Amino acid sequence: MKRIGVIGGGQLAWMMAGAAKKLGVELVVQTPSRNDPAVPISAEDNVFAPIDDANATALLAKRSDVITFENEFVDIEALSKLAQQGVCFRPRLEALAPLLDKYHQRCYLRDLGLPVPRFVAIEQKWNTTTEVIFTSQIGFPAVLKARRHGYDGQGTFIIKEIESLKQKLELHSTEKVGSQSHFLLEEFIPFERELAVIAARSVNGEVCTFPIVETQQEEQVCRRVIAPADISSKVTLEIENIASALLNSLEAVGVFGIELFLTADGKVLVNEVAPRTHNSGHFSIDACETSQFEQHLRTVCGMHLGNTSMICPGAVMVNLLGYEISQSDYMIKRQQIEQIPQAHVHWYGKTESRPGRKLGHVTVLLDTQNWDQAMAISRRQDSERIARNIESIWYPQ
Ligand code: ADP
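Sequence order as written defines residue numbering, which begins from 1 separately in each chain. Predicted model: local features are reported for residues with pLDDT of at least 70 only, side-chain atom pairs are reported and counted for 80 or more only, and whole-chain, interface and lining totals are derived from all residues. As a rule here, side-chain values come from all non-hydrogen atoms in the structure, and water together with hydrogens is ignored.

**Some points on the sheet that holds strand β7 (residues 156-159)**
Note the cut-off: When DSSP finds two or more bridges between two strands, those strands count as paired. Secondary structure elements are taken from DSSP: a helix is a run of H or I of four residues or more, a strand is a run of E of two residues or more, and numbering for both begins at the N terminus. Orientation is described by axes fitted as lines to C-alpha atoms, over the contacting stretch for helices, and by angles from 0 to 180 degrees between their N-to-C directions.
One open sheet accounts for four strands, arranged β5-β8-β6-β7; its pairing is antiparallel. If you trace the sheet from one side to the other, it starts and ends with β5 (119-123) and β7, each paired once. Taken over all neighbouring pairs, the strand axes of this sheet differ in orientation by 25° on average, direction set aside.

In structure tokens form, the structure reads like this:
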């Protein structure tokens, strides 16, 4: 494999560049805008079109040996025709198909015997039948999710009582966007922590996970990742087993991100699966022998998996999220953050900042010097202290 076509040209594709260079492969992207992050790092014959434009993907296929995804919101049905004509997709489309709709994804995981929150699918029109189903199976608080096209907490709402649920459904019926006419409703999990794992599966069926991390969300958006998570070996094993069961069942080739809840009594539940590299794995660029991006390209090229061990005792990753509408490149703040010992700033080069938009991230590698015997707890405290420092530089007071 010499040339990899990537559907999507955002920061995830941009972060594949270093790995592509190392492995001696070229990237070419399909992305809507010439200003998208991955455009400068990929070949000159990129395809500029929306990611769900299958005709554009046909063109991308002509310009590459294999196609992979940075973004899964594609038109699977239209792409299937290309697959029938011999276009090679990694992961294969069948591994993506059950995951694109949050309700289908929950059903797939449940049918595989994996632990998930209790859930139901609901129609937009609220009626007595829906109310009976909801009250008997879910109850309050509940979490309402748009079945499709949700990301970074967009389309996810925590609902405390029936009136606000009805209101949300009504509001969305008037501003109906595309296929968002249906929702998934599930029990609210009072988790003790949120965890995530990046897992890879090779063409030969070899599965390998990265160290499990703790993720910290605010208003449903990931703010920080602490690697590795301070969890028992039992929980670690359970999560590794979930990852292998899932990737083997999907016969997936590629890297997948799996988000999980850990409850106070040690129960693990799967929240969400993304069939691609994931924000929770960004720490691996600086903190692991092999990054998630290299691992992904290795699977796509049919190579053996790389070693996923960390090269340091711990790491903390902090997302740099937009907090205003602006065209600034925030150079001064970035330089200030770079002064933090062992800090690696990754700036995605987006031309416009908007509240909540991921503009970059910073990973700080930790060493053990300041930790006492209760190392894991101190690592978490240390990570949170560093994260607070970064956030106090980045966000206006
Ligand atoms: P997205 O696909 O937009 O990232 P998620 O389904 O991952 O949305 O939800 C985003 C965040 O919302 C989660 O990381 C978690 O903090 C919270 N959340 C989602 N579902 C639940 C749930 N069932 N119980 C408690 N919190 C939840």
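**Section: the nonpolar core**
Heads up, the condition is: Definition of nonpolar core: a set of buried residues of the types Ala, Val, Leu, Ile, Met, Phe, Trp, Tyr and Cys, connected through side-chain atoms within 4.5 Å. Working definition: with a 1.4 Å probe on protein chains only, accessible area under 20% of the residue-type maximum means buried, over 50% means exposed, and in between means partly exposed. Between two residues, a contact is recorded if the distance between any of their heavy atoms is within 4.5 Å.
Among the nonpolar cores identified, the biggest contains 29 residues, and Leu 195, Ile 239, Leu 246, Ile 258, Leu 260, Val 270 and Val 273 are the most heavily contacted of them. When contributions to this core are tallied by element, the ones reaching two or more residues are α6 (102-111), β9 (193-201), α9 (233-250), β13 (254-262) and β14 (268-274). It is α9 that contributes the most residues to this core, seven residues altogether. Residue contacts for Ile 258: discarding those within four places in its chain leaves Leu 195, Ala 196, Val 197, Ala 243, Leu 246, Val 270, Glu 272 and Val 273.

**Some words on α9**
Test applied: Residue count minus one, scaled by 1.5 Å, sets the expected span of a helix. Taken from the helix axis, the directions to the C-beta atoms give the arc we talk about.
Across its 18 residues, α9 extends 26 Å between first and last C-alpha, which sits within 8% of the 26 Å expected from 1.5 Å per residue. Taken together, the buried positions of α9 are occupied by Val 235, Ile 239, Ile 242, Ala 243, Leu 246, Leu 247 and Leu 250. Here the buried residues of α9 occupy an arc of 115° about the axis, which is enough to place them on one side. Exposed and oriented more than 90 degrees from the buried face of α9 are Ser 233 and Lys 234. Here the buried face of α9 lies against α5 (93-96), α6, β9, β10 (207-209), β13 and β14.

**Some details on the pattern of salt bridges**
We apply this condition: Think of a salt bridge as a Lys or Arg side-chain nitrogen and an Asp or Glu carboxyl oxygen that are within 4 Å of each other.
Here the structure, examined in full by the defined rule, presents 21 salt bridges. A salt bridge links Lys 102 to Glu 272, with the shortest nitrogen-to-oxygen separation between them at 2.9 Å. One end of the pair, Lys 102, is in helix α6; the other, Glu 272, is in strand β14, and 170 residues separate them in sequence. Close ionic contact of Arg 385 with Asp 382 constitutes a salt bridge, the shortest N to O distance being 2.7 Å. Of this pair, Arg 385 and Asp 382 both sit in helix α13 (residues 375-394), three residues apart, which is roughly one turn of that helix. For Arg 385, a relative accessible area of 46% translates into the label partly exposed. One salt-bridge network, in which partners are shared between bridges, spans Glu 192, Arg 193, Glu 214 and Arg 380.

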